[in-house]
Amino acid sequence: MKELQHLNKYFLKYKTHILLGIIITIIARLFLLFTPRYVKKIFLVIENYFEGTISKDVFKTELFEAILYIVGAALVGAILTFFMRQTIINVSRYIEFDLKNEVYDQYQKLSLNFYKKNRTGDLMNRITEDVSRVRMYAGPAIMYSINTITLIIMVIIYMYNASPKLTLYTIIPLPILSVIIYKLSKEIHNRSTIVQQYLSKLSTFTQESFSGISVIKAYGIEPQTSINFKTLASESKEKQIDLAKIQAWFFPMMVLLIGTSNLFVIYIGGMQYINGEIDSIGTIAEFLMYVNMLTWPVATVGWVTSIVQQAEASQKRINEFLKIEPEIKNAVNTHTKITGNIDFNNVHFTYDDTNIQALKGISFKIKEGETLAILGKTGSGKSTILDLIGRLYDIDEGSITINNTEINKLNLNELRDSIGYVPQDAFLFSDTIKTNIRFGKQDATDEDVIEAAKNAQVHKNIAKFKNGYDTILGERGITLSGGQKQRVSIARAIIKLPKILLFDDCLSAVDTETEEKILRNLKKISKGKTSIIVSHRVSSAKNADKIIVLDNGKIVQEGTHSSLINIDGYYKHLYLKQLSETESK
Ligand SMILES: Nc1ncnc2c1ncn2[C@@H]1O[C@H](COP(=O)(O)OP(=O)(O)OP(=O)(O)O)[C@@H](O)[C@H]1O
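Residues numbered from 1 in each chain as written. Predicted model: local features only at pLDDT ≥ 70, side-chain atom pairs only at ≥ 80, totals over all residues.

- In the annotation of an unreviewed UniProt entry, the entry for the chain reads ATP-binding cassette, subfamily B, and the organism field reads Flaviramulus basaltis.
- In its Subcellular location (unreviewed entry) section, the UniProt entry covering the chain states "Cell membrane". (UniProt positions renumbered as here; feature names shortened; annotations may be inferred.)

Structure follows, in structure tokens:
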């Protein structure tokens, strides 16, 4: 139960609802207990009438009264049971909502390293499956526990008052029932988990097959894919049957044990009646009703135990993530001035997970309003420089300053808000083009969106779509070409006119003519702003105020286009190679 203590703050938050739920539950159970007593009374009235101790009129009145009480109590009990569920089960839904938000907020705070160490499926499971298991503890388990405790105490007191000996015999099978249900629930849970695993394997398999359908068709491997699917589906079916087998035992076991208890009541009660130890046959009827009333609550002891164990395990998994301290923290909540003066001073950086030393003593300066181009072979550390400016990772050694303040002493939200970042793989959400562009500036007007798209040279393409800017992208909509995606992604970055623009090889999929136009527009809109362009093309770099060439995490060349084309090295070779390619076209 240690892990579940995490929920105490929520129980405290909803204490009024819970208290009300408990009171309603107790009152509802009290009303339920009316029925057996009045059934006994009916038996007594009938016995009295046949013995001739009461007249027909008294018999009718008492019978009618008893029936009225039974119906009335059942009605009030039913209404209160409705409110019992409305309070306690609703609280569990509130807690589920709060916990999901807490986990999601924590996910948002965690750094990229966390996402690399954990699989997406696992992250999703903890926020869905695990949270719903915990909800079962916060709602049904608590409700059934109160229900069970109240009923067991009250019923046993009532039974004891009516006949202590009969009480003893009738409750003997109940703990056995509880243990059996506990064992069954545990096994059902184990088998459900396996079924669940197979279901997610199946959905991952089908999802991958559909996403990669063009590759499957191109290689003609549909038959093999079908065989793989059938094998997986058949294993899944076996597991489902295993689960159904164990579930099938649940109710027969309950019926068997209730039946045994009923037999005890009838046999021992009958003997006691014959020996004159109980006054009326109605006591046997009353006991039969008590036994049946107790069965479900007693069975739930086993069920609830298993729910609590599962919730504990799930909460443990959730707590593991909740306890992680975000590696990148916002140290300053006050306003900090952010300009475009960026200094890298002997920066060293190693990726934690791969232990790859991506940057080895990088130093450069860019002034506000300048453009820096970064070139170099693949894997030389270009993208890493951009990630470090946005503090997606913190550096190991050296310093990165903006306007002479180290970036970890800047307000992180303001820092990221000052950056317009276009990643290498343009990721667009499965939503409209407009929403995707507006992602960069939530309050942008339609005119702002169009302006940004025009500057990114994608407006004409969008205008040709039937639904224009309302065209849905991704799975539910159209697929953009690589170059179109890159340009929508550029529009998203430039719409907010940030102080710092970071372009990570984002013009690789557009032709050189469009590249030229985009660069010209960028020059216009990035006046007074600092831009860093990572590229493999000299055409993207040639107009930059400064160019650096990286190799294996180190700066190997630094200068302007005109200076670098005159020095033997990577830049000159690249320039000559790309020049000859252009000429040969
Ligand atoms: N997220 C990551 N986790 C671990 N290692 C990484 C990560 N990203 C990059 N690396 C490694 O760090 C080194 C530098 O990578 P980086 O992406 O900065 O290079 P790049 O110059 O941008 O390459 P490209 O031109 O191919 O985009 C590479 O060896 C790469 O394998």
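Moving on from the coordinates now.
Describing the pairing of strand 2 (residues 357-366)
Then, in step 1: Pairing between strand 1 (residues 342-350) and strand 2: 7 bridges, direction antiparallel. Bridge pairing links T350 to Q357 in strand 2.
Then, in step 2: Here strand 1 folds back onto strand 2 in antiparallel fashion, the turn holding 6 residues, of which N355 has a positive phi close to 60°. (Pairing = 2+ DSSP bridges. Helix = DSSP H or I, 4+ residues; strand = E, 2+ residues; numbered from the N terminus.)

Notes on the site of the ligand
Then, in step 1: Around the ligand lies a shell of 15 residues, among which Y351, T378, K382, S383 and T384 are the nearest.
Then, in step 2: At 3 residues, helix 12 (residues 382-389) tops the list of elements feeding residues into the shell around the ligand.
Then, in step 3: Within the shell around the ligand, the residues separate by chemical class into 3 nonpolar, 9 polar and 3 charged. (Near = placed C-beta within 6 Å. Nonpolar A, V, L, I, M, F, W, Y, C, P; charged D, E, K, R; others polar.)

Description of the domain arrangement of the chain
Then, in step 1: Assigned domains within the chain: domain 1 (3-322) and domain 2 (342-584).
Then, in step 2: Using only C-alpha atoms to locate each centre, domain 1 and domain 2 end up separated by 57 Å.
Then, in step 3: With 4 residues of domain 1 at the interface, the matching set in domain 2 holds 4 residues.
Then, in step 4: In terms of residue class, the side of domain 1 that touches domain 2 is built from 1 nonpolar, 1 polar and 2 charged. (Domains from an automatic or database assignment. Contact = placed C-beta atoms within 7 Å.)

As for the sheet that holds strand 2
Then, in step 1: Read from one edge of the open sheet, 4 strands run 2-1-4-5, paired in antiparallel fashion. The two strands at the open ends of the sheet, each matched to only one other strand, are strand 2 and strand 5 (405-406).
Then, in step 2: Of the strands in this sheet, strand 1, strand 2 and strand 4 (397-402) touch helix 12, which is tilted by about 115° from strand 1. (Axes fitted to C-alpha atoms, helices over the stretch in contact; angles between N-to-C directions.)

Re the sheet that holds strand 10 (residues 554-559)
Then, in step 1: A sheet is described by the order of its strands in space; here 6 strands give the open sequence 6-7-8-3-9-10, paired in mixed fashion. Strands at the two margins of the open sheet, each flanked by one partner only, are strand 6 (419-422) and strand 10. Each strand of the sheet is rotated relative to its neighbour by a mean of 15°, with strand direction disregarded.
Then, in step 2: By the bridge criterion, 4 bridges tie strand 3 (residues 371-376) to strand 8 (residues 530-534) in an arrangement that is parallel. Paired with I374 across the strands is V534, a residue of strand 8.
Then, in step 3: The sheet contacts of helix 12 involve strand 3, strand 6, strand 7 (500-504), strand 8 and strand 9 (546-551), and relative to strand 7 the element is tilted by about 150°.

Looking at the UniProt feature "domain: ABC transmembrane type-1" (unreviewed entry) in the chain
Then, in step 1: The sites that UniProt annotates as "domain: ABC transmembrane type-1" (unreviewed entry) are residues 19-310.
Then, in step 2: With 93% helix and 0% strand, residues 19-310 has its two end C-alpha atoms placed 25 Å apart.

Some words on helix 10 (residues 222-274)
Then, in step 1: Relative to the 78 Å expected for 53 residues at 1.5 Å per residue, helix 10 spans 78 Å between its end C-alpha atoms, a close match to the ideal helical length.
Then, in step 2: Turning to helix 10, its buried residues are L257, I258, S261, V265, I268 and G269.
Then, in step 3: The inward-facing, buried residues of helix 10 abut helix 7 (164-171), helix 8 (173-211) and helix 11 (281-322).
Then, in step 4: Just past helix 10, the residue G276 takes up positive phi, approximately 75°. (Expected span 1.5 Å × (residues − 1). Buried ≥ 20, exposed ≤ 12 C-beta atoms within 10 Å, placed from the backbone.)

Observations regarding the packing of helix 10 against helix 11
Then, in step 1: At their nearest, the axes of helix 10 and helix 11 sit 10 Å apart, and the two run at 155° to each other. By the angle between their axes, helix 10 is roughly antiparallel relative to helix 11. Crossing handedness for the pair helix 10 and helix 11: right-handed. Between helix 10 and helix 11, the contacting residues are M254, I258, S261, N262, V265, I266, G269, G270 and Y273 on the first element and I281, T283, I284, F287, L288, V291, N292, T295 and A299 on the second.
Then, in step 2: Taken together, the residues of the contact of helix 10 with helix 11 break down into 11 nonpolar, 7 polar and no charged. (Parallel < 35°, antiparallel > 145°, perpendicular 65-115°, else oblique. Left-handed = near helix turned anticlockwise from the far one by under 90°.)

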